[in-house]
Every structure is written in C-alpha cells, then in structure tokens.
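Notes for the structure review
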Amino acid sequence: MANEAYDVNKMPEKNPLSLQIDLKKFEKATEDEKKQADIMSESTSFFRDGMKRLRRNPLAMMSIVVLVIIIAMIIVVPSVVPYSYSDIITVNGKRDKTATNMSPFTYSKLEQQYIDEGGKVFPHIMGTDELGRDYFVRVIYGTRISLVVGVFASMIVLVIGVLYGSVAGYFGGKVDLIMMRIVDVIYSLPDLLMIILLSVVLNEVINVSGNSLLGRLGTNMISLFLVFGLLYWVGMARLVRGQILTIKQNEYVLAARVSGAGSGRIIRRHILPNCISVIIISAALQIPSAIFTESFLSFISLGVKAPMPSLGSLANAARSGVTTYTYKLIFPAVMIALITLAFNLLGDGLRDAFDPKLRR
Amino acid sequence: MDKNYVPDKENLVEVNDLKMYFPVKTGLFTRTPLKAVDGVSFAIKPGETLGLVGESGCGKTTVGRAVIRLYTPTDGDLFFDGKRIDSQSIGSMRKDMQMVFQDPYSSLNPRMTVEDIIGEPLDVHKLYANAKERREKVLHLMELVGLNAEHATRYVHEFSGGQRQRIGIARALATNPRFIICDEAVSALDVSIQAQVINMFEELQEKLGVAYLFIAHDLLVVHHISDRIAVMYLGRMVETADADELNNNPMHPYTQSLLSAVPYPDPEIAKSRKRIILEGDVPSPLHMPSGCAFRTRCKYATEQCAQECPKLTDRGNGHLVACWNK
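For clarity, every value in this text was computed on a predicted model and none was experimentally measured.

1. Let's talk about the overall build of chain B
Tallying secondary structure elements over chain B gives eleven helices and twelve strands in all. Its C-alpha atoms give chain B a radius of gyration of 21 Å, near enough to 20 Å, the size a compact globule of 326 residues would have. Oriented by its inertia axes, the alpha-carbon framework of chain B measures out at about 70 × 55 × 45 Å. Split into buried and exposed, the 326 residues of chain B put 51% on the buried side. Taking the intrachain contacts of chain B between residues at least 6 apart in sequence as the baseline, contacts between residues at least 24 apart amount to 63%. Averaged over its 38 positive side-chain charges, chain B has a centre that lies 5 Å from the centre of its 42 negative ones.

What follows is the structure, encoded as structure tokens:
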C-alpha cells in the first residue's frame, strides 16, 4: 500500500494557482539513499571521548607535562647528583666546613682549590644550606616526600571514602542515616589536634627507628597518614554517597535488579562506572590538598623527621634567614606552588572533559 | 494477606487485593500513608495481554513494579505460575519475569556496550557455556528485535530513541521470559516508531508466546495490543473488560470520559462525537474522598457513593465495573 501511495504517475495534478509544492518533483529514495540515514558516527567509548576532550585543553596538558617533568626529576636526580640529602659536602674525602649558605652556582674555597688542582666538582644548582648540604638535592628529596605523601594520602581517602560512601548511598534508609551521622561526628573532630595527639601516642607505642622508609619519615608522618585514613575520607564518602543516591534512581539500575543482579554486581557494573569520573577528579584534587597539609605540618615542625626534608620543612628552615638567603624560601615555595597548581588544573581539566553536561 | 487464597491454575499471573502504601512525611513526626495502589486484583493467562490504563499518578507503574517486586507490597497476594511471589521465591522467578521501561534514555547504562546490556541477564543467570555462545545469543536477540549485528560493540548514546527501546526489549527477552511488564514502553517514542515497536511486541508474542502487562495511558495503543483492558483511577480499578467490549460499551463514567477524549482519525465523525469533560482535579491520594474515589468528579454521584466504596461486579461477558450506578 505504501509503495502505491508514492507512485509519481498517480499523484494528483497540481493546481497551477496553488501555492502547494508540486508533489511530482519528489522522487522516491533508493535503498542506497535510505541507508545513508542509518550511518552512524565512529564508535567511541566514554573514556576515549573524555581523553580526546582532555587533549584539547591546553592548561590540563601543560600541567600533565609539568607533573611528568617533576616526577622524572625526583626519580633521576638523586642518582645523577653526587650529593646526598643528609650529608655535609666533602671535598676529596675532607668535610668542607666552609661550604655553608652558598648562593646558587658558587663554590666554596676548598672546592675552588680542588677545581684549580684539576678536580671536578658538581655545581650546587641551588646553593647549600646552613649546615653545608646541597640544597638542590634536598629540594628534590622534599618534593619526593611531598608527592608520595600526597598520592598515598589521597589513595587512602579514595579507597575508604568510595567503599563507605557507596555502601551508605546504595542501601539508603536507616543504614545511610547511621553511617552519615558517624561521618558528621568525624567531620567535627579537629584534624590538627588529632595529628598532634596521634604523633605523641605513636611515639610512645611503636618504635619505627631503623632505616625503613617509614622509619626515616618518622612517627609524625605515620600519624599524618593515619589521620588521613581516619578523618579526611569523610568528604569523599559524602560525595560518593550523593552521586550514588542520584544514580540509583536511574531506570537501568531497576532494570538490572529485574534481571536478578545482586547488590555487588549493581554497584560494580552500574553505579560505580557512572560516578567514576567524579571520583577520579576529586581524588586528583585531593592530592594537592594533602601536599598542602603535609607542608603546613612540616612548617609547624610536626612533619617529617630530620634530616629527611620535605617542602614544608625546607620552607620552615628558610624562614629564619629569609632576608639574607631569600632563594632558600623561593625554591621549595615555587615547587609547592607548581605541584598544587598542576594538580588543580589537571583536576579541573578532567572534570570538564568527563562531565557529560559540559559536552558540546 | 490471605494465606488461604488459592490461585487459578490457568492463570500465569494472578494478583489479589494488592495494596501498596508509601509513608509520606506530613509533619515533624507524623507520617501519612500514600495509598498509591489500594486493592487491585487481576489475572493474566499465558500468552495474553492485559492493558492497564489510567491517568498520571493513578498507580499503574506502582502495580507493575510491585508485581515484579521492585517494591515490597504493603498487602495482597501475588502469584506467578501458581506460586506465591515473595522475597524468597522471587529470585527463581526473575528469569521468567522481565520488564521494559518507559524511558529508553535512562533505562540503559551509558557506560556499557549494547552487547553487555543485552548480555547482562544472561550473565546473571549463567545461561551460556562460553563467550562464543554468549555472543551468539546476544546477536540472535538483536536480530529478533531488528538491530544490526554490527551495533553490538557500540554504546547507547549512539542510538536513536526507537533503537534504544529495541535494545531494552532485547534485554527483557534475553532470559526467554514468559511474562513481560511493559511500563509505558512506547510512550516516549514518536508515533511512527510506536507503531513499529507495538507491531514488534505482537510478533514476539506470536513467536514466543509471552504474556504482557501493558501499562500505558494511550487508549488507542492499549486497545490495539490488549486482549483485556483494566482502567485504574486513584489506585483502584474501576472497570475491566475485553478490549473490544470496553471500547464499544464503557460502563464506568470515568472510562466513558476517557474514551471520549481519544482523538478520532476522521474529522467528520470526530465533530459529531460528544466530549465528556470532567470537572475539577484529581484528588490528592493523601486525602482520598470517602466511598468511591471518583465521586468528586462524577456527575452521577449520589449519597451512596460517598458512604461506601463500590466493588468490581460482573455485568456479563466478564465485564467488571466498580460503580453503584447501573
């Protein structure tokens, strides 16, 4: 029936005075032409689509480059530069007591002598500190500690926050009520006080002297990690819970339940993949905040154990001589600024790239 | 709940006096039950379609979701294949009962490929031996609903509304169910696509012998696809009859006004038809009128209607009406 209706010869004649379009001017679409309407755009996954948009964001790409350079530096520099972060500079086997508080790219008297005799001395790119240790290596080690603290702390926050938040959000009702009140209680605890108390207690309880990484970091750092694990995950838990509360209203979650899928499968396959972008973004933004907290704690002498440097403790040490040796404050401060700025911009870029509402 | 209620063996699905109340906060400490569904009974035979119509908010969707136990009913007896549906037995029945959802945009997970969406019920019930068999089954289902095999690896956002609804239907068919609840399954589609999807539902019924509970608000669509039609108003069933019987001889004043609102495709006849326009608004389900829920808008309402709620009574030919007025 449909085919007859489109037969050109059976079309009614057009009245010459009528403004209607002459139906005879239309012709039937061929099978090929019909198929053209079906052709769909290139198949892209959500992740690839997001990455494509991230790559078009110059600020985010720049911060990735900065971060890659910093990470490469903290890996490579300690094995290239012949100084260590804890030892006073030695020239030809002798301790160089004159090599304190030097400006960038200068040599002490002993070093100058040694160079004149034909020896080779690696330049002090950022000078030396008040005890005669190479400042460049110390800044690099400080960056290493700060980054490790940042990444680990945000990992702890991520794991605990996502688990807690998804359970509270998914099961809802009374479970949610009780779990969220616990969060409220934790939220009200003063974090700084907790860190101080914990580090005092940990000093008494556990003995982490020795040469392990934790031993070198000191109990202050362990209490910092503990406090992140105990207190800082609540923000992430709230965020994840909120996301899950909205996502579980979607009909595809109902459809999965109708199919007989269990709670674990629904959370894993349906709910988490749909809020993963928000989680990744806030984890990326958590890193600079952890670095900042660590720097702040080191600044008030609650951070890493000496002689291990961190960016915060370096800045704190430089404070006393800030008028004379300004560069000693500038180097760690610039490093902190670069890292936090890069992570913040990257987090922003990730949010823009993966937020479906901002799609063009 | 009536523990002694015995379902009819001929019925695939039987619902007796289903009640679904949601507690709503009306004050700081007070909660009033919102009677979304208040005593609904119906039965569906194998391979039969029951259409459920009524205006927005009358409890159609709630009935569907309570039957498939997305909600736990407040009261009532639900049976599938002679067995009582409760929180224990539902697990084994999931395979035989499926649902097609209203909104093809939110009922498919945007992070999954079409193959994974259709394959999910297969995964859950472990209906395949290996990856190859799973793929074959998914491709067969896609062919059944008229999708190309090459679409299997694509994501949902690349499809049009009609195609998405087909994906949703393929998912519902994956476990070879005997009963599918179509919750406004065509309402979100435009008319030409609606026709395609409805024809597909009918073809699938012929081929596979599934029974449908077809929930919709479009009387024309429901009349076309259903064997029997049930009309709901404010959580109660007001009339149920065979599709043609209900269409030609509506007895409840609410059904009469609903039918008079259906647009007629011939303008000459449409002009001569009398439109019954209801006065007032639907009462809030929190403050239901006493007696018959429809009496506040019914022009035949009497003293009796305000005092007692009419029960569904047979007026011959299996035509049940809940109205005092005869």
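So that's the structure; there's more coming.
2. Side note on the pattern of salt bridges
Applying the stated rule across the entire model yields 24 salt bridges over all chains. Of the charged contacts, one joins B:Asp116 and A:Arg269 as a salt bridge, the two residues approaching to 3.9 Å between their closest N and O atoms. With B:Asp116 in helix 3 (residues 114–125) and A:Arg269 in helix 12 (residues 263–299), the pair connects residues from two separate chains. Here the residues in one salt-bridge network are A:Arg265, A:Arg269, B:Asp116, B:Glu120, B:Asp123 and B:Arg134, joined through shared partners.

3. Some words on the domain arrangement of chain B
Where the parts come together, the accessible area they lose is often given as the size of the interface. Residues and elements named next belong to chain B. Split by domain assignment, chain B resolves into domain 1 (13–96 + 179–321) and domain 2 (108–176). Each of domain 1 and domain 2 has a C-alpha centre, and the two are 30 Å apart. Contacts between domain 1 and domain 2 engage 14 residues on the former and twelve residues on the latter. Counting each side, the surface lost to burial between domain 1 and domain 2 is near 1,200 Å², with a carbon and sulfur contribution of 71%. When residues of domain 1 are sorted by the area they lose upon contact with domain 2, Lys-95, Met-200 and Leu-204 head the list and together hold 42% of the total. Taken together, domain 1 and domain 2 are joined by zero salt bridges. For the pair domain 1 and domain 2, the interface holds three residue pairs in polar contact (both at pLDDT 80 or more).

4. Let's talk about the interface of chain A and chain B
Between chain A and chain B, the residue contacts involve 25 residues of the former and 32 residues of the latter. Here chain A and chain B share an interface that buries about 2,500 Å² over both sides, 51% of which is from carbon and sulfur atoms. Linking chain A with chain B are four salt bridges. Ionic pairing is found between B:Arg65 and A:Glu251, a salt bridge with its closest N-O pair at 3.7 Å. In this structure, the connection of chain A to chain B is made through 13 residue pairs in polar contact (both at pLDDT 80 or more).

5. Observations concerning helix 4 (residues 131–144) of chain B
Residue and element names in this part refer to chain B. With 14 residues, helix 4 ought to run about 20 Å at 1.5 Å a step, and its terminal C-alpha atoms sit 20 Å apart, in line with that. Buried within helix 4 we find Arg-134, Val-138, Leu-141, Met-142 and Leu-144. Seen end-on, helix 4 carries its buried residues on one side only, within an arc spanning 160 degrees. Residues of helix 4 that are exposed and angled more than 90 degrees away from the buried face: Lys-132 and Glu-143. Of the residues flanking the end of helix 4, it is Gly-146, one or two places downstream, whose phi is positive at about 80 degrees.

6. Structural notes on the pairing of strand 4 (residues 75–80) of chain B
Residue and element names in this part refer to chain B. In terms of burial, strand 4 is a largely internal element, five of the six residues being buried. With five bridges connecting them, strand 1 (residues 13–25) and strand 4 associate as antiparallel partners. Across the sheet, Asn-16 pairs through a bridge with Asp-77, a residue of strand 4. Taking the residues that link successive antiparallel strands as the turn, the strand 4-strand 5 (residues 83–84) hairpin has two residues, and the phi of Asp-81 there is positive, at about 55 degrees.

7. A short note on the pairing of strand 2 (residues 31–44) of chain B
Residues and elements named next belong to chain B. The sheet contact formed by strand 1 and strand 2 spans eleven bridges and is antiparallel. Looking at the pairing, Lys-19 lines up with Asp-38 of strand 2. In textbook terms, the turn of a hairpin is the stretch between consecutive antiparallel strands, and for strand 1 and strand 2 this stretch comprises five residues.

8. Observations concerning the packing of helix 6 (residues 135–171) of chain A against helix 12 of chain A
In a packed pair of helices, the relevant descriptors are the angle between the two axes and the axis-to-axis distance. All names here are of chain A. Between helix 6 and helix 12, whose axes approach to 7 Å, the crossing angle comes to 145 degrees. For the crossing formed where helix 6 meets helix 12, the hand is right-handed. Residues belonging to the contact of helix 6 with helix 12 are distributed by class as follows: 18 nonpolar, six polar and one charged.

9. Considering the environment of B:His223
Residue and element names in this part refer to chain B. Its location among the elements puts His-223 in helix 7 (residues 219–225). Since its relative accessible area comes to 23%, His-223 is described here as partly exposed. The spacing of His-223 and Thr-240 is 17 residues in sequence and 12 Å in space, taken between C-alpha atoms.

10. Side note on a nonpolar patch on the surface
Residues and elements named next belong to chain A. A cluster of nonpolar side chains, namely Leu-192, Ile-196, Val-200, Phe-296, Phe-299 and Ile-300, defines an oily patch on the protein surface of about 450 Å² accessible area. Counting residues per element, the ones that place at least two in the nonpolar patch are helix 8 (191–205) and helix 12. Sort the elements by how many residues they give to the nonpolar patch and helix 8 lands first, with three residues. Assignment of secondary structure puts Val-200 in helix 8. By relative accessible area, which is 49% here, Val-200 ends up partly exposed.

11. Overview of the side chain of B:Asn11
Within the fold, B:Asn11 resides in the segment before strand 1. Filtering out sequence-adjacent residues up to four positions away, B:Asn11 remains in contact with B:Ala43, B:Ile44, B:Lys45 and B:Asp81.

12. A look at the sheet that holds strand 12 (residues 320–321) of chain B
Residues and elements named next belong to chain B. On the basis of which strands lie adjacent, the open sheet formed by eight strands has the order 6-7-8-3-9-10-12-11 and mixed pairing. Strand pairing shows two members of the sheet lacking a second neighbour, strand 6 (97–100) and strand 11 (313–314), which therefore form its edges. Lying over the sheet, helix 6 (residues 191–208) contacts strand 3 (49–53), strand 7 (179–183) and strand 8 (211–215), oriented at roughly 160 degrees with respect to strand 8. Packed on one face of the sheet, helix 9 (residues 253–260) meets strand 9 (228–233) and strand 10 (236–242) and runs near 105 degrees to strand 9.

13. Brief notes about the environment of A:Val91
Residues and elements named next belong to chain A. As for its position among the elements, Val-91 is in strand 1 (residues 90–91). Residue Val-91 is classed as buried on the basis of its relative accessible area, which comes to 7%. Distance from Val-91 to Lys-120, taken between C-alpha atoms, is 9.9 Å for residues 29 residues apart in sequence. Apart from residues no more than four positions distant in its own chain, Val-91 is found in contact with Asp-96, Leu-110, Glu-111 and Tyr-114.

Parameters and conventions
- Residues numbered from 1 in each chain as written.
- Chains lettered and ligands numbered in written order.
- Predicted model: local features only at pLDDT ≥ 70, side-chain atom pairs only at ≥ 80, totals over all residues.
- Heavy atoms only, no water.
- Helix = DSSP H or I, 4+ residues; strand = E, 2+ residues; numbered from the N terminus.
- Rg over C-alpha atoms; globule rule 2.2 N^0.38 Å.
- Buried < 20%, exposed > 50% of the residue type's maximum accessible area, 1.4 Å probe, protein only.
- Contact = heavy atoms within 4.5 Å.
- Lys, Arg positive; Asp, Glu negative; His and termini not counted.
- Charge placed at Lys NZ, Arg CZ, Asp CG, Glu CD.
- Salt bridge = Lys/Arg side-chain N within 4 Å of Asp/Glu carboxyl O.
- Domains from an automatic or database assignment.
- Buried area = accessible area lost by both parts, 1.4 Å probe.
- Polar contact = N/O pair within 3.5 Å; in protein donor to acceptor, adjacent residues only side chain to side chain.
- Expected span 1.5 Å × (residues − 1).
- Arc of directions from axis to C-beta.
- Pairing = 2+ DSSP bridges.
- Axes fitted to C-alpha atoms, helices over the stretch in contact; angles between N-to-C directions.
- Left-handed = near helix turned anticlockwise from the far one by under 90°.
- Nonpolar A, V, L, I, M, F, W, Y, C, P; charged D, E, K, R; others polar.
- Patch = residues over 30% accessible without salt bridge, like charges linked within 9 Å, V, L, I, M, F, W, Y side chains within 5 Å.
- Areas by Shrake-Rupley, 256 points an atom, 1.4 Å probe, with all protein chains shown as cover.

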